Amino acid sequence: MNLKILILTGILFSVQAKEEKPEITLISVYDNYQVAPELKTAWGFATIIKTPRELILFDTGGNPEILLSNMEKLGVEPSSIKKVVISHIHGDHAGGLEGFLEKNPDATVFIPASFPRSIKNMIIQKGAKFVEISTPRKISDSVYTTGELYGPPEEQSLIIDSKKGLIVITGCAHPGIVNIVKKAKKLMKKDKVYLVVGGFHHPPISCVKEFRKLQVKKVAPSHCTGDLVREAFRKEYKEDFIEYGVGKVIEIK
Ligand SMILES: [Zn+2]
Ligand SMILES: [Zn+2]
């Protein structure tokens, strides 16, 4: 093969590689619902997003000892996580952050811009960095934040452009789970959503039908969704309902 062809195939490959959507793994490390009995449950939410490039921790639960103990049992080193995203200020999502940063001060923390000075100072005191989020932006390859949406409080959710389609991950969904899904579709200019996972914040039962209208293929409601709504989703979505809770691993490939 001469040099010209080599360069040409190189360019072609890099274009293809750029368009390739990534395989994603989600690991629940903190939730009040349980999937793996050897892990600890507590009120709160934290999920690790594994992309081909890096590990991102979305929320930190309420208690750093529980978070770190669950991560250890799942074989995730705190130092392997370079990015942390905090959805909103409530203690069951942000409470584990300080203890996590004590184990890994090299992380960059993506926080809602509205967070008080005290949290921003704490992050700096631990030796970590923070990035203030107000509008939608990219966090990593194929991973985006919705930006701050008003609940109260202000909250950000994540959107992943995966191999199977859009994945939306919410902490507590204070701005409304249906609003968040609509926002994600609009931002990414997509008609369908492959998976919505996280706390849905006690929505009305009618949100199950709304999800169908919004063309959401799979659901993994946990944390603050409420048992009644969770069961309504299970009944409607059948094999597309994913039992999410601490220890659950979802592979999207
Ligand atoms: Zn909350
Ligand atoms: Zn919560």
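One can find the structure itself at the top, above this paragraph.
Residues numbered from 1 in each chain as written. Chains lettered and ligands numbered in written order. Predicted model: local features only at pLDDT ≥ 70, side-chain atom pairs only at ≥ 80, totals over all residues. Heavy atoms only, no water.

1. Here we look at helix 5 (residues 117-125)
How we decide: Only protein chains enter the area calculation, which uses a 1.4 Å probe; residues under 20% of their type maximum are buried, those over 50% are exposed, and those in between are partly exposed. Put simply, DSSP H or I for four residues or longer makes a helix, DSSP E for two residues or longer makes a strand, and each gets a number counted from the N terminus. In this context, the arc is that of the directions from the helix axis out to the C-beta atoms. Note on definitions: a residue-residue contact is assigned when non-hydrogen atoms from the two residues lie within 4.5 Å.
Among all positions of helix 5, only Ile119, Lys120, Met122 and Ile123 are buried. Projection of helix 5 onto a plane perpendicular to its axis shows the buried side chains occupying an angular sector of 160 degrees, all on one side. Check the buried side of helix 5 and you find it contacts helix 4 (97-103), strand 5 (108-112) and strand 6 (129-133). Within two residues after helix 5, Gly127 carries a phi angle of roughly 95 degrees, on the positive side.

2. A short note on the pairing of strand 4 (residues 81-85)
We count it as follows: Two strands pair if DSSP finds at least two bridges between them. For the handedness criterion, the strands are oriented away from the viewer, and a crossover whose path from the first strand over the helix to the second runs clockwise is classed as right-handed.
Most of strand 4 sits inside the fold, with four of its five residues counted as buried. Here strand 3 (residues 55-58) pairs with strand 4 via four bridges, running parallel. Directly across from Ile56, in strand 4, lies its bridge partner Lys83. The parallel pair strand 3 and strand 4 is bridged by helix 2 (residues 64-73), and the resulting crossover is right-handed. The sheet contact formed by strand 4 and strand 5 spans three bridges and is parallel. Residue pairing across strands places Val85 opposite Phe110, the latter belonging to strand 5.

3. Considerations on the sheet that holds strand 12 (residues 165-170)
Selection rule: The angle between two axes is taken between their N-to-C directions and runs from 0 to 180 degrees, where each axis is a line fitted to C-alpha atoms and a helix contributes only its stretch in contact.
Across the sheet, which stays open at both edges, the six strands sit in the order 7-8-11-12-13-14 with mixed pairing between neighbours. At either end of the open sheet lies a strand with only one pairing partner, and these are strand 7 (137-140) and strand 14 (216-222). Along the sheet, successive strands turn relative to each other by an average axial angle of 20 degrees, direction set aside. By the bridge criterion, six bridges tie strand 13 (residues 193-199) to strand 14 in an arrangement that is parallel. Along strand 14, the bridge assignment pairs Leu195 with Lys218. Running over the sheet, helix 6 (residues 177-188) touches strand 8 (143-145), strand 11 (158-162), strand 12, strand 13 and strand 14 and is turned about 140 degrees from strand 12.

4. A closer look at the coordination of the zinc ion (ligand 1)
This is how the line gets drawn: Sites may look incomplete because water is not among the atoms; the donors themselves are N, O and S atoms within 2.8 Å of the metal, or within 3.2 Å for Na, K and Ca.
Here the zinc ion (ligand 1) is held by the protein donor atoms His88 (NE2), His90 (ND1) and His174 (NE2), which lie 2.1 to 2.2 Å from it. When its relative accessible area of 0% is taken as the criterion, His88 is described as buried.

5. What about the pairing of strand 6?
Successive residues of a regular strand alternate their side chains across the two faces of the sheet. The pairing of strand 5 with strand 6 spans five bridges and is classified as parallel. Its bridge partner lying in strand 6, Thr108 is registered against Lys129. In this view, the connection linking strand 5 to its parallel neighbour strand 6 by way of helix 5 has right-handed handedness.

6. Quick word on helix 6
Here is the rule we go by: What a helix is expected to span follows from its residue count: subtract one and scale by 1.5 Å.
For helix 6, with 12 residues, the first-to-last C-alpha span of 17 Å sits near the 16 Å given by 1.5 Å per residue. Of the residues flanking the end of helix 6, it is Lys189, one or two places downstream, whose phi is positive at about 55 degrees.

7. Here's the deal with the coordination of the zinc ion (ligand 2)
This is how the line gets drawn: Here the metal geometry follows the donor angles, with tetrahedral for four donors whose angles all fall between 85 and 135 degrees, square planar for four and octahedral for six when opposite donors are more than 155 degrees apart and every other angle is between 65 and 115, and irregular for all the rest.
Ligation of the zinc ion (ligand 2) by protein atoms is provided by Asp92 (OD), His93 (NE2), Cys172 (SG) and His223 (NE2), these donors lying 2.1 to 2.3 Å from the ion. One can describe the donor arrangement at the zinc ion (ligand 2) as irregular, given that its four donor atoms subtend angles of 89 to 156 degrees at the metal. In the primary structure, the donors to the zinc ion (ligand 2) are separated according to the pattern D-H-x78-C-x50-H. A spacing of 3.7 Å is found between the zinc ion (ligand 2) and the zinc ion (ligand 1). Here the residue His93 occupies a position in helix 3 (residues 91-94), and His223 occupies one in the loop between strand 14 and helix 8 (227-237), the gap between them amounting to 130 residues. Assessed through its relative accessible area of 0%, His93 is described here as buried.

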